[in-house]
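# What the coordinates show
Next come the chains, spelled out residue by residue.
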Amino acid sequence: MKKITIALFALVAMTAAAQNNFTISGDYSIIENFFYDPAKVVSVHLNNDSTAHLPLGKRQEKYVVKDGKFEISGNVSRPIYSNLVAELEIEVEGEKRQSSTEIPFILEPGNIVLGTEWALFGGTPLNDASVKMCTRLGELSKAGEKEKLRQEAFNFVKQHAADPASVYVIVQSPNFMEAKDILTMIDMCSEDMQHKNTDLSLLREELTIEAQAPQEGDMFRDFAVEYEGKTTRLSDYVGKGQYVLVDFWASWCVPCRREIPNLIAAYNKYKDKGLQVLGVAAWDEPDNTKKAIEEDKIPYPQILNSQKIAADTYGIAAIPRIILFAPDGTILANGLRGAEIEKRLSVIFE
């Protein structure tokens, strides 16, 4: 009888373990193709506490399989919001640089697969639900349906308050929603979700600062930066009777460097019609900023060495951040990117 009991317990344990098994797989060329510049994936690995669910001895392992695919396996007792980190070698204007990108997903039992659209994971219930919701929010944002977007996001978070699908959508929502609404959604999550997810804690801190920062329709806030014995202020440019497009950027920031051609084009097209473009280097060493200015042939003026002063003044947690100011210093648009820059300026100048 004792041997039968032990065998039964062993069978139950094996069955439970099998039910909790996961695999994460994909073709890393999908990640490479997601970048504008030539990119090569050097390795992939998991971050956050998801590594605790890998087999012992493999928790620090970096995975890249020779045939161009990767697969990570283990077991997980509860769904966890996580990220796949891809370490990259990127070629920018003929120069090779190291970079990385994080792809969010929910670590849960089942076969989690990297999809071809937007390089996002699916194949399991919570991953599929999260990606579907974020796609929906993107559609509503593009259509300008802000109130409908807000309500659908709130409803989703309420429905998933005790599972990490809520975390997934909240972490992606700064692309679509205002800081105050995202903070409301964080409060909707269960205490367990809030306490176990450092991503939510960090996002709350960032958005609390952003929520207190000047918003569209507010007057600009001045700041002063000292460099090489000279003090430069934002008010040297903003509030002087011109439209001013201000780019908060850094030399090391790949997305920042990608926006620079858009800003140069705007400057060249509208400078004679009353537009000033200004770069503000944040979290960057001045020598590196100067080198990037020379490499990218930036013609408009810069405020160097702002470090965190400018970012703190405007509640900026991530760059690039491009803000358009009216001639009197009022904020007209906050967070312009890509084609949005020309679209907004053409309304003013053409």
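Every chain's residues receive numbers from 1 upward, in the order its sequence appears when written. Whole-chain, interface and lining totals are the exception, using all residues; otherwise, since this is a predicted model, local features are given only for residues with pLDDT of at least 70 and side-chain atom pairs are given and counted only at 80 or more. For side-chain calculations, the full set of non-hydrogen atoms in the structure is used, while hydrogens and water are omitted.

## Regarding the state of the cysteines
- The disulfide criterion used throughout: a pair of cysteine sulfur atoms within 2.5 Å. Applying the stated rule across the entire model yields one disulfide.
- At a sulfur-sulfur separation of 2.4 Å, the disulfide partner of Cys-253 is Cys-256. Between Cys-253 and Cys-256, the disulfide has an S-S torsion of 80° and is therefore right-handed.
- Cys-189 supplies the cysteine sulfur nearest to Cys-134, a cysteine that is in no disulfide, at a spacing of 13 Å.
- Three labels apply to residues, based on accessible area from a 1.4 Å probe with only protein chains included: buried if under 20% of the type maximum, exposed if over 50%, partly exposed otherwise in between. Look at Cys-134 and you get buried, because its relative accessible area is 12%.

## Some points on the nonpolar core
- For our purposes a nonpolar core is just a set of buried Ala, Val, Leu, Ile, Met, Phe, Trp, Tyr and Cys residues, chained together by side-chain atoms within 4.5 Å. Leu-245, Phe-248, Tyr-314 and Phe-325 are the most contacted members of the largest nonpolar core, which totals 45 residues.
- For the purposes of this entry, the term helix denotes a DSSP run of H or I that reaches at least four residues, the term strand denotes a run of E that reaches at least two, and both are numbered from the N terminus. Examining the composition of this core, we find that seven residues originate from one element, helix 9 (residues 254-270), more than from any other.
- Contacts were defined at the residue level, with two residues in contact if any of their heavy atoms lie within 4.5 Å. Excluding anything up to four places from it in sequence, Phe-248 contacts Phe-223, Val-280, Ala-310, Tyr-314, Ile-316, Ile-319, Pro-320, Arg-321 and Ile-323.
- Membership of the second largest hydrophobic core comes to 29 residues, among which are Val-131, Cys-134, Leu-137 and Ile-186.

## Considering the sheet that holds strand 4 (residues 80-92)
- By definition, two strands form a pair when at least two bridges between them are found by DSSP. Here we have three strands laid out as an open sheet, ordered 2-4-5, and antiparallel in their pairing. Of all strands in the sheet, those bounded by a partner on one side alone are strand 2 (39-46) and strand 5 (95-107). Neighbour-to-neighbour, the strand axes of this sheet turn through a mean angle of 20°, independent of strand direction. Working convention: axes come from line fits to C-alpha atoms, limited for helices to the stretch in contact. Angles between N-to-C directions cover 0 to 180 degrees.

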